[in-house]
Amino acid sequence: MQSVQTKGEALREVMRQVPSPVTVVTMRTPEGLRGVTIGSFTSVSLEPPLISFNVQRASQAHLALQTAEAFAVHVLSEAQVDLSNHFARPDRTGEEQFASIEYRVDTHGLPILPGAVAVLRCRPYAFYEAGDHDLVLGEVLEATLEAPAAALLYHNRAYRTVGAEVTANRF
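Each value, and the rule that gives it
- Residues numbered from 1 in each chain as written.
- Predicted model: local features only at pLDDT ≥ 70, side-chain atom pairs only at ≥ 80, totals over all residues.
- Heavy atoms only, no water.
- Helix = DSSP H or I, 4+ residues; strand = E, 2+ residues; numbered from the N terminus.
- Buried < 20%, exposed > 50% of the residue type's maximum accessible area, 1.4 Å probe, protein only.
- Contact = heavy atoms within 4.5 Å.
- Pairing = 2+ DSSP bridges.
- Axes fitted to C-alpha atoms, helices over the stretch in contact; angles between N-to-C directions.
- Polar contact = N/O pair within 3.5 Å; in protein donor to acceptor, adjacent residues only side chain to side chain.
- Salt bridge = Lys/Arg side-chain N within 4 Å of Asp/Glu carboxyl O.
- Core = buried A, V, L, I, M, F, W, Y, C linked by side-chain atoms within 4.5 Å.

Visitor: Explain the environment of Ile 38 to me, using residue names and the numbers behind them.
Guide: Structurally, the position occupied by Ile 38 is in strand β3 (residues 32-38). Using a relative accessible area of 3% as the deciding quantity, one classes Ile 38 as buried. C-alpha of Ile 38 to C-alpha of His 74: the two residues are 36 residues apart in sequence and 9.7 Å apart in space. With near-sequence residues (within four places) excluded, Ile 38 lies in contact with Pro 21, Val 22, Thr 23, Val 25, Phe 53 and Asn 54.

So this is what it looks like as structure tokens:
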């Protein structure tokens, strides 16, 4: 028998059963560099090429995204769990986030993290209020496959990678 839960708690429990790609979004703002770990990344459209993710409205990353002219979405590899945890900490300033990690600045001024499976360079396309979060749509300006590695996933409160391929049974 399951315990009685609020609708939000029940949704959280259900969503723990849905694997999510782990990404880090980095940007340059007038105040400096900023990054955030995102677990709600998905593609939206091919024409125009759009991606989306959610960001908590009260977070430092939300303000940074509102003022950034562009951002980079890094699809993390299975070897980048520490990087995911690093950018998931909301108490760090942008300067503290980038002081202890390796990165390079691309020709667009965006901080790029080495070792990601792929990097998408985007410009903000739209922001939509969604409860205590905003749904962020980004227009993909450039998509680059960076490193041949398994992507990092988050499922049921743990980091994972893609498992064995399964096939459908024929009826």
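Next, the rest of the story.
Visitor: Give a detailed account of the sheet that holds strand β4 (residues 42-46), specifying residues and quantitative values.
Guide: Here we have 7 strands laid out as an open sheet, ordered β3-β2-β6-β9-β10-β5-β4, and antiparallel in their pairing. Across the chains shown, the open sheet's two edge strands, defined by having one partner strand only, are β3 and β4. Here the average twist between neighbouring strands, direction ignored, is 35 degrees. Sheet topology note: the β4/strand β5 (residues 49-56) ladder contains 4 bridges and is antiparallel. In the strand pairing of β5, Leu 46 is matched with Pro 49. Contacts from helix α2 (residues 60-67) reach β2 (23-29), β3, β5, β6 (71-75), β9 (118-130) and β10 (133-145) within the one sheet, and its direction differs from that of β2 by about 55 degrees.

Visitor: Summarise the side chain of Ser 77; cite the residues concerned and give the values.
Guide: Relative to the elements of secondary structure, Ser 77 occurs in the loop between β6 and α3 (81-88). A distance of 3.4 Å separates the side chain of Ser 77 from the backbone oxygen of Gly 115, its partner in a polar contact. In this structure Ser 77 touches Gly 115, Val 117, Ala 149, Ala 150, Ala 151 and Leu 152, once residues within four positions along its chain are discounted.

Visitor: So, the environment of Ala 150: which residues are in play, and what are the values?
Guide: On the secondary structure map, Ala 150 appears in the loop between β10 and β11 (153-155). Along the chain, Ala 150 and Leu 50 lie 100 residues apart, while their C-alpha atoms are 23 Å from each other. If we skip the residues at most four places from it in the chain, Ala 150 touches Leu 76, Ser 77, Glu 78, Val 117 and Thr 161.

Visitor: Describe the pattern of salt bridges, with residues and values.
Guide: Across all of its chains, the model carries 6 salt bridges by this definition. Between Arg 16 and Glu 13 there is a salt bridge, with the nearest N and O atoms lying 3.0 Å from each other. Linking Glu 142 and Arg 121 is a salt bridge whose minimum nitrogen-to-oxygen distance equals 3.4 Å. Taken together, the residues span a long stretch of sequence, with Glu 142 in strand β10 and Arg 121 in strand β9 at a distance of 21 residues.

Visitor: Would you mind going over the pairing of β10 in detail, with residue names and values included?
Guide: Sheet topology note: the β5/β10 ladder contains 7 bridges and is antiparallel. By the bridge assignment for β10, Val 55 is matched with Asp 134. Taken together, the 12 bridges between β9 and β10 define a ladder with antiparallel strand orientation. Among the inter-strand pairings, Arg 121 is bridged to a residue of β10, identified as Glu 142.

Visitor: Can you break down the nonpolar core residue by residue, with the values?
Guide: Residues Val 25, Ile 51, Phe 53, Leu 65, Phe 71 and Val 73 are the most contacted members of the largest nonpolar core, which totals 18 residues. Dropping the residues within four chain positions of it, Leu 65 is found in contact with Val 25, Met 27, Phe 53, Val 55, Phe 71, Pro 124, Phe 127 and Val 136. Residues Val 24, Leu 33, Phe 87 and Leu 113 belong to the second largest nonpolar core, which totals 10 residues.

Visitor: A description of the sheet that holds β11 should follow, citing residues and the corresponding values.
Guide: In spatial order, the strands read β1-β11-β12; together these 3 strands make up an open sheet with antiparallel pairing. The strands lining the two open edges of the sheet, one partner per strand, are β1 (20-21) and β12 (158-160). Where β1 lies against β11, 2 bridges are found, and the strand directions are antiparallel. Each residue of the ladder has a partner; that of Ser 20, found in β11, is Tyr 154.

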